[in-house]
Amino acid sequence: MAENRTGTVDVAINAYGKPYQTAVTILTLLKHSGEWINKIYFIEEKKQPEPSNFQFLFDHLGDKIVHYRPKIWLWTNKLRFNFLMNFKKYRYALRYQYAWEKSDREYLLIMHNDVYFKDDLVGAYLENIGNASGIGRIGQCWVCPAFAANLCNPEKYTEYKPSYKELMELADKYPQPRTKEYARVMDKNVPWPLPECRLNEYVALVNLSRTKPDTVPVGKAIPFGAINRIDTGVQWFSDISNLGHTFRHFDYDPYATHSWISLKNAGHAALFNQDLYKYEESVAKEVLKKEFGI
């Protein structure tokens, strides 16, 4: 039960710009789920879209924050496996990896920095995770041909296991924005999980005690934050699932809203639209004033 897990959760959040939205994300999380949270690993990307000052947040939260700034900036670049295994400098530059390796808690909450929490999502995750290795929304089903064909959904991702040939035929019959990339990124010998299948990183809880032994640098699964296939976490999900791990789908909508200002479900877009970026930050700044007096 969640009530026996006080302080068993660390948080991993990568910040690339958006200081006010980042603050709202963390403060609304602590407002509703603070009892479960031990430390917040705040990874500030070495490069920022504009001069971003997070010091006001560090001052407010004190030793609740573990601040880390990688020595290099990977962005969405891929790394060779030997680099990940042998060089911490590169490995720690992956999203969430510093927190993954440094945390000594049972669970790690991985989240984006543009989430607004409305209720105790962490408590709900803890109550529902059971023996699964992670919990959250499973799959980018809105761009998956198997979902379009009504053959698969987040609740039965373990049941639909097509061959590589069947999957590619499905991609031709139900083309989606990224299906043309499947031939390049898929392992023909290991076609499951499907290319769009993952534990979505927007806000997910991972059982570290279960998954750490099977994940780089200890195990064989590529790190969670690596983009070595079609998106963040896809290869990790494939690797770890084929090692026997299972995950629980949980719709977080009643508890939290991702990209809560624009509701585009893609906060990435604001990083390339200065007007949208400034607008979203101004809204978040007002929320900080009204809700938290900051």
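For clarity, every value in this text was computed on a predicted model and none was experimentally measured.

What exactly am I supposed to notice about helix α12 (residues 274–292) here?
Residues spaced three or four apart along an α-helix point in a common direction, a consequence of the helix completing one turn every 3.6 residues. Here α12 contains 19 residues, and its C-alpha end-to-end distance of 26 Å stays within 8% of the 27 Å for a straight helix at 1.5 Å per residue. Listing the buried residues of α12 in full gives Leu 276, Tyr 277, Glu 280, Glu 281, Ala 284, Val 287 and Leu 288. Angular distribution of buried residues about the axis of α12 spans 125°; they occupy a single face of the element. Summarising the geometry of α12, the exposed residues directed more than 90 degrees from the buried face are Asp 275, Lys 278 and Lys 290. Those residues of α12 hidden inside the fold are in contact with α1 (19–33), α2 (55–61) and β5 (115–117). Gly 293 sits one or two positions beyond α12 and adopts a positive phi of about 65°.

Whenever I open this one, the packing of aromatic side chains confuses me. Can you help?
The relative placement of two aromatic rings is captured by the distance of their centres and the angle of their planes. A full pass over the atoms with the stated rule returns 20 aromatic pairs. Summarising the aromatic geometry, the rings of Tyr 92 and Tyr 98 are spaced 5.2 Å apart at their centres and angled 85° between planes, so their arrangement reads as edge-to-face. Taken together, Tyr 96, Trp 100, Tyr 157, Trp 192, Phe 224, Trp 236, Phe 237 and Phe 247 form an aromatic cluster joined through their ring pairs. The positively charged end of Arg 137 is found above the aromatic ring belonging to Tyr 252, 4.2 Å away from the centroid. For Arg 198, the ring lying beneath its charged end belongs to Tyr 202, and the centroid distance is 5.6 Å.

Looking at this model, I keep getting lost on empty space enclosed by the protein. Mind explaining?
Unoccupied space between atoms shows up once a probe the size of one water molecule is rolled over them. Tallying each qualifying case throughout the model produces 2 cavities of 30 Å³ or more. Taken as a whole, the largest cavity encloses approximately 80 Å³ of empty space. Looking at the largest cavity, it is lined by 13 residues, and the ones nearest its centre are Gly 139, Cys 141, Cys 144, Cys 152 and Cys 197. Residue classes in the lining of the largest cavity are distributed as 9 nonpolar, 3 polar and 1 charged.

Criteria and cut-off values
Residues numbered from 1 in each chain as written. Predicted model: local features only at pLDDT ≥ 70, side-chain atom pairs only at ≥ 80, totals over all residues. Heavy atoms only, no water. Helix = DSSP H or I, 4+ residues; strand = E, 2+ residues; numbered from the N terminus. Expected span 1.5 Å × (residues − 1). Buried < 20%, exposed > 50% of the residue type's maximum accessible area, 1.4 Å probe, protein only. Arc of directions from axis to C-beta. Contact = heavy atoms within 4.5 Å. Phe/Tyr/Trp six-rings, centres within 6.5 Å; stacked < 30°, edge-to-face > 60°. Lys NZ or Arg CZ within 6 Å of the ring centre and 35° of its normal. 1 Å grid on protein atoms, 1.4 Å probe; cavity = no way out; pocket = protein on both sides within 12 Å on 5 of 7 lines; lining within 4 Å. Points joined across faces, edges and corners; volume = space filled by probe spheres on them. Nonpolar A, V, L, I, M, F, W, Y, C, P; charged D, E, K, R; others polar.

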